Structures are given as C-alpha cells and as structure tokens.
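Summary of the model geometry
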Amino acid sequence: QVQLVESGGGLVQAGGPLRLSCVASGGTFGWYSMGWFRQAPGKDREFVAAIEWSGATTDYADSVKGRFTISRDNAKKTVYLQMNSLKPEDTAIYYCALIGKNMRAPTENANWGRGAQVTVSS
C-alpha cells in the first residue's frame, strides 16, 4: 500500500555531491526498513544502502561506503540518500524501496517507481 516517489536527481560533476529524497504515502512507513537501489544502463538493479526503521542501523554496498549516507525522517515519511564524491560509475537511475527480511533486498513484489536519474560527468 505504500507508494514511493523519488526526487533530487540531476547532472553533477565528478567529485560533487547530490542528495536524493524519497517521499512515502500510505501504509505505515515509520515501521519499515528503507533502502536505495540503482540500475545503470545495461546492468541489473543493485543494492546501494539501507536503513532500519528507527535509523539506528544502516548498511551500504562496498562501492558507496564512505561516500554515501542514508537517513530518514519518519515524521515526514521521507528517506534520503546523500551522495558525495560522486564518480561517473555512479551514473544510474536510483530507486527507493521497502526493505524485506534481507537487509539488502526489497520486499517481495516491490512496486518500483520512476526513480531518479543521476548522471555524473567526468
């Protein structure tokens, strides 16, 4: 029942920052772990980061660890992804999703939205 809408994507120079937002509507957002995934051209969708419902614990893919930070504001039903030191290989469409029992996987039959396009130029 939860619907998610990503925003904040755009074009950025390599090394620069960008912040993505994901706003939820419906459901009980505050009790779900949330995550970010991305899909680059010609590649499968991959895990990027996740955050437990309270924000107490987080998890990151090795490729973004130390550069990206996931956070959430349950009052605003929003999850964020702060991306720093961006690289051209970070170019992808970024999606947010509810996290399932596996901290690095979405819930079954996740309703992927349009995502947010992030393009990093060299």
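A quick note: this is a predicted structure, and the numbers were derived from the prediction, not measured.

Rules behind the numbers
Residues numbered from 1 in each chain as written. Predicted model: local features only at pLDDT ≥ 70, side-chain atom pairs only at ≥ 80, totals over all residues. Heavy atoms only, no water. Helix = DSSP H or I, 4+ residues; strand = E, 2+ residues; numbered from the N terminus. Rg over C-alpha atoms; globule rule 2.2 N^0.38 Å. Buried < 20%, exposed > 50% of the residue type's maximum accessible area, 1.4 Å probe, protein only. 1 Å grid on protein atoms, 1.4 Å probe; cavity = no way out; pocket = protein on both sides within 12 Å on 5 of 7 lines; lining within 4 Å. Points joined across faces, edges and corners; volume = space filled by probe spheres on them. Nonpolar A, V, L, I, M, F, W, Y, C, P; charged D, E, K, R; others polar. Pairing = 2+ DSSP bridges. Axes fitted to C-alpha atoms, helices over the stretch in contact; angles between N-to-C directions. Core = buried A, V, L, I, M, F, W, Y, C linked by side-chain atoms within 4.5 Å. Contact = heavy atoms within 4.5 Å. Disulfide = S-S within 2.5 Å. Salt bridge = Lys/Arg side-chain N within 4 Å of Asp/Glu carboxyl O.

Regarding the overall build of the protein chain
Regarding its fold elements, the protein chain presents zero helices and ten strands. Secondary structure elements of the protein chain, listed N to C terminal, follow the sequence β-β-β-β-β-β-β-β-β-β. Here the C-alpha radius of gyration of the protein chain, 13 Å, is about what a compact globule of 122 residues would show, namely 14 Å. In terms of overall dimensions, the protein chain has C-alpha extents of about 40 × 25 × 25 Å along its principal axes. For the protein chain, the residues scored as buried account for 43% of the 122 residues in total.

Here we look at the layout of surface pockets
Taken as a whole, the largest pocket spans an internal volume of roughly 210 Å³. The wall of the largest pocket is formed by 15 residues, among which Gln1, Val2, Leu98, Thr107 and Asn111 lie closest to the centre. Counting only elements with at least two residues in the lining of the largest pocket, the list comes to β1 (3-7) and β9 (92-98). The element best represented in the lining of the largest pocket is β9, accounting for three residues. Looking at the lining of the largest pocket residue by residue, the classes come out as eight nonpolar, six polar and one charged.

Some points on the sheet that holds strand β2 (residues 10-13)
The six strands are arranged β2-β10-β9-β4-β5-β6 in an open sheet whose pairing can be described as mixed. Two strands bound the open sheet, and with one partner strand each, they are β2 and β6 (58-60). With strand direction ignored, the average angle separating the axes of adjacent strands in the sheet is 25 degrees. In this structure, β9 lies alongside strand β10 (residues 116-121), joined through three bridges in antiparallel fashion. Bridging from a neighbouring strand, Ala92 pairs with Val118 of β10.

Things to note about the nonpolar core
Membership of the largest hydrophobic core comes to 35 residues, with the highest contact counts inside it found for Trp36, Leu81, Met83 and Tyr94. With residues up to four places along the chain from it excluded, the contact list for Met83 reads Gly16, Pro17, Leu18, Leu20, Arg67, Phe68, Tyr94 and Val118.

Overview of the state of the cysteines
Enumeration according to the criterion identifies one disulfide in this entry. One disulfide in the model links Cys22 with Cys96; its S-S distance is 1.9 Å. Between Cys22 and Cys96, the S-S torsion sits near 55 degrees, and that sign places the bridge as right-handed. With Cys22 in strand β3 (residues 18-25) and Cys96 in strand β9, the pair connects residues that are 74 residues apart, well separated along the chain.

Section: the pattern of salt bridges
The final tally for this structure, using the stated rule, is five salt bridges. Here Glu46 ties to Arg38 by a salt bridge, and the two come within 2.7 Å at their closest N and O atoms. Assessed through its relative accessible area of 36%, Glu46 is described here as partly exposed. A salt bridge links Asp90 to Arg38; the shortest N-O distance between them is 2.9 Å. Of the two residues, Asp90 is situated in the loop between β8 (78-83) and β9 and Arg38 in strand β4 (residues 34-39); the sequence distance between them amounts to 52 residues. Of the two residues, Asp90 and Arg38, both sit in the buried class.

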